[in-house]
Amino acid sequence: MKPVRVVALWWVLLLVSRLGATRKGSPEEASFYYGTFPLGFSWGVGSSAFQTEGAWDQDGKGPSIWDAFTHSGKGRVLGDETADVACDGYYKVQEDIVLLRELHVSHYRFSLSWPRLLPTGVRADKVNKRGIKFYSDFIDALLKSNITPVVTLHHWDLPQLLQVKYGGWQNVSMVSYFGDYADLCFEAFGDRVKHWITFSDPRTMAEKGYETGRHAPGLQLHGTGLYKAAHHIIKAHAQAWHSYNSTWRSKQRGLVGISLNCDWGEPMDISSPKDIEAAERYLQFCLGWFANPIYAGDYPQVMKDRIRKKSAEQGLDMSRLPVFSLQEKGYIKGTSDFLGLGHFTTRYITERNYPSRQGPSYQNDRDLVELVDPNWPDLGSKWLYSVPWGFRRLLHFAQTQYGNPPIYVTENGASQILHCMQLCDEWRIQYLKGYINEMLKAIKDGANIKGYTSWSLLDKFEWEKGYSDRYGFYYVVFNNRNKPRYPKASVQYYKKIITANGFPNSREVESWYRKALETCSINNQMLAADYYLTTQELPKKLSVWNSHTS
């Protein structure tokens, strides 16, 4: 028996014994756990700069790869939408802080725009003082409202000039440019920011940006580009952590981590060693790809073995997976003060052998298929199903695999059903209730979870999906020039969870649901009136325009 199979089988036995073997059928309430989170547990919501700020070319900001991607006119984004204005968050800081206060969150996770601070991406070229002032004022406003800033340095919006001149994350020079940018941020904001995230979901950034081309910069370097990009991202993360550790930590006393997103992979057949092995492989190619170098010094063994074998079968002299030197392994290992974990859904995993002659690709390297259960609640998105029990299993995997690190859940949420305008988002309430309760069970079982960030504060630009998917607690009317925000029912529900620090008893939790749905009907009437006024304004504008041109 192969060593990896022993490891994978051990995982399944552990999870089945500790978490229960039932995978479907029992009512949610039968296994619901009433209790509270540890004292000091941090509740928050999140967003990212490119998805919300707008002001894409204002106040000295340089272009990002996503500006170039959305402006290309090649149909890369649904409806050819851009984030030029997005939620207009750059000009609505005070308004959005009122929303954060309304939610009663203790922290807000947001990202800095690299090209807003360094228009060319290079610190030696120019630092945009207006960008520094914008974020400095924003951080001050959060702290004045007793909201802790949790700051992401890079959430996918690489300065376009670094892409044009160097090839972006394909080039090792990004490591030093990112290091200079990180140092600038530590220097400018580190006296007030104590929680730093270097990269947000770098796996998606690498896979969709350099493998499938569905994200900026839109490259399709199959089976090579994503591994090279990830290699440089991991090195850049480590360099930023070491810089903080050696230069800033003693003065600022903050924490630096990374945010890694991964769905849970459950073996389709728990009696099949091949499916068990495939599920383990799924997790290692997803979470382990970045977490293993940071916590153990190198890529997961199964990644190294698989990609080396496939590369040889494809006639290559070397593995397509880059290699860390001994010095680099030692430098990278241990470079995280906490593990940021993003999670949305679950997949069943079964083995499928893809012939190497099909050519190199991430999918070919993994040799597996992802499946969903048709009985899982469908939230309207093609990929996101509500499977709360998978969250608990992923948290246990991270807890045991990486030595029980402090974990901050950095992204978790549900998108709104497509083309649905109403604010009574019962499905999001059920999603929140189920997933947060599974997190509470994981803490009860020993996981060291310090905080939770629900995704997201506002509806916003959703990358290649444009504005079609809505993850926000607050509904944004994008076709209204003022981008008004309206609270969904889930605002009231999440606020109750935060105030109670968990789920005190069944009667109280049931009352939260009823009260949340009562408030949303009033807000729905206001939203409908807003839409009516917006649609009435359009013919008036056209009429005025026609009178001027006739």
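Residues numbered from 1 in each chain as written. Predicted model: local features only at pLDDT ≥ 70, side-chain atom pairs only at ≥ 80, totals over all residues. Heavy atoms only, no water.

### Comments concerning the overall build of the protein chain
- Each helix and strand counted, the protein chain has 18 helices and 15 strands in total.
- The buried share of the protein chain, taken over its 550 residues, is 60%.
- Partitioning the contacts of the protein chain with sequence separation of at least 6, the portion at a separation of at least 24 is 77%. (Helix = DSSP H or I, 4+ residues; strand = E, 2+ residues; numbered from the N terminus. Buried < 20%, exposed > 50% of the residue type's maximum accessible area, 1.4 Å probe, protein only. Contact = heavy atoms within 4.5 Å.)

### Observations regarding the state of the cysteines
- Summed over the entire model, instances satisfying the criterion amount to 2 disulfides.
- Paired by a disulfide, Cys262 and Cys286 hold their sulfur atoms 2.3 Å apart. Here Cys262, found in the loop between strand 6 (255–261) and strand 7 (264–267), pairs with Cys286, found in helix 11 (residues 273–296); they are 24 residues apart in sequence, far enough to count as distant. Summarising the burial analysis for this pair, Cys262 and Cys286 share the class buried.
- Within the protein chain, bonded cysteines paired by disulfides and numbered along the sequence follow the pattern 1-2, 3-4. (Disulfide = S-S within 2.5 Å.)

### A few points about helix 8 (residues 173–189)
- An ideal rise of 1.5 Å per residue puts 24 Å on 17 residues; helix 8 measures up with 25 Å between its terminal C-alpha atoms.
- With 13 of 17 residues buried, helix 8 is to be regarded as a mostly interior element. (Expected span 1.5 Å × (residues − 1).)

### Remarks on the side chain of Thr453
- Here Thr453 lies in strand 12 (residues 449–455).
- A distance of 2.8 Å separates polar atoms of two side chains, one belonging to Thr453 and the other to His107.
- Setting aside residues no more than four positions away along its own chain, Thr453 makes contact with Gly44, Val45, Gly46, His107, Arg109, Val409, Thr410, Glu411 and Asn412. (Polar contact = N/O pair within 3.5 Å; in protein donor to acceptor, adjacent residues only side chain to side chain.)

### Considerations on helix 10 (residues 225–252)
- Helix geometry: helix 10 is bent most strongly at Ser246, by close to 50°.
- Judged by how many residues are buried, helix 10 sits mostly within the fold: 20 of 28 residues are covered.
- Taken from the residues just after helix 10, Arg253 is the one with a positive phi, measuring 55°. (Bend = angle between axes of the 7 residues up to and from the residue.)

### A word on unusual backbone geometry
- Residues Ala216 and Pro217 are joined by a peptide bond in cis, for which omega reads 10°.
- Along the chain, the position of Pro217 falls in the loop between helix 9 (202–210) and helix 10.
- In this structure, Ser456 follows Trp455 across a cis peptide bond, with omega equal to 15°.
- Mapped onto the fold, Ser456 is located in the loop between strand 12 and strand 13 (474–476).
- If you check the backbone angles, His104 has positive phi at about 65° while not being a glycine.
- Inspection of the secondary structure puts His104 in the loop between helix 4 (93–103) and strand 3 (107–111).
- Of note, Asn404 is a non-glycine position whose phi angle comes to about 50°, a positive value.
- The topology assignment puts Asn404 in the loop between helix 15 (388–401) and strand 11 (407–411).

### Overview of the environment of Tyr244
- On the secondary structure map, Tyr244 appears in helix 10.
- Expressed as a C-alpha distance, the spacing of Tyr244 and Gly254, which sit 10 residues apart in the sequence, is 8.7 Å.
- Not counting the four nearest positions on each side in its chain, Tyr244 is found in contact with Phe186, Trp196, Arg249, Gln252, Arg253, Gly254, Leu255 and Val256.

### Section: the sheet that holds strand 4 (residues 148–154)
- The 8 strands are arranged 2-3-4-5-6-8-11-12 in a closed barrel whose pairing can be described as parallel. On average, each strand axis in the sheet is inclined to that of its neighbour by 25°, with strand direction left out of account.
- Bridge count for strand 4 against strand 5 (residues 195–200) is 4 bridges, and the pairing is parallel. By the bridge assignment, Val150 is partnered in strand 5 with His195.
- Along the sheet, helix 11 makes contact with strand 6 and strand 8 (339–342), crossing strand 6 at roughly 155°. (Pairing = 2+ DSSP bridges. Axes fitted to C-alpha atoms, helices over the stretch in contact; angles between N-to-C directions.)

### A short note on the packing of aromatic side chains
- The tally for this structure, following the rule as stated, stands at 51 aromatic pairs.
- Where Phe186 meets Trp196, the ring centres are 5.1 Å apart and the plane angle is 80°; that geometry is what we call edge-to-face. With Phe186 in helix 8 and Trp196 in strand 5, the pair connects residues that are 10 residues apart, well separated along the chain.
- A relative accessible area of 0% means that Phe186 is categorised as buried.
- Classification of Trp196 by relative accessible area gives buried; the value is 0%.
- Each member of the aromatic cluster is reached from another via a ring pair, and the members are Phe50, Trp66, Phe69, Trp156, Phe461, Trp463, Tyr467 and Phe478. (Phe/Tyr/Trp six-rings, centres within 6.5 Å; stacked < 30°, edge-to-face > 60°.)

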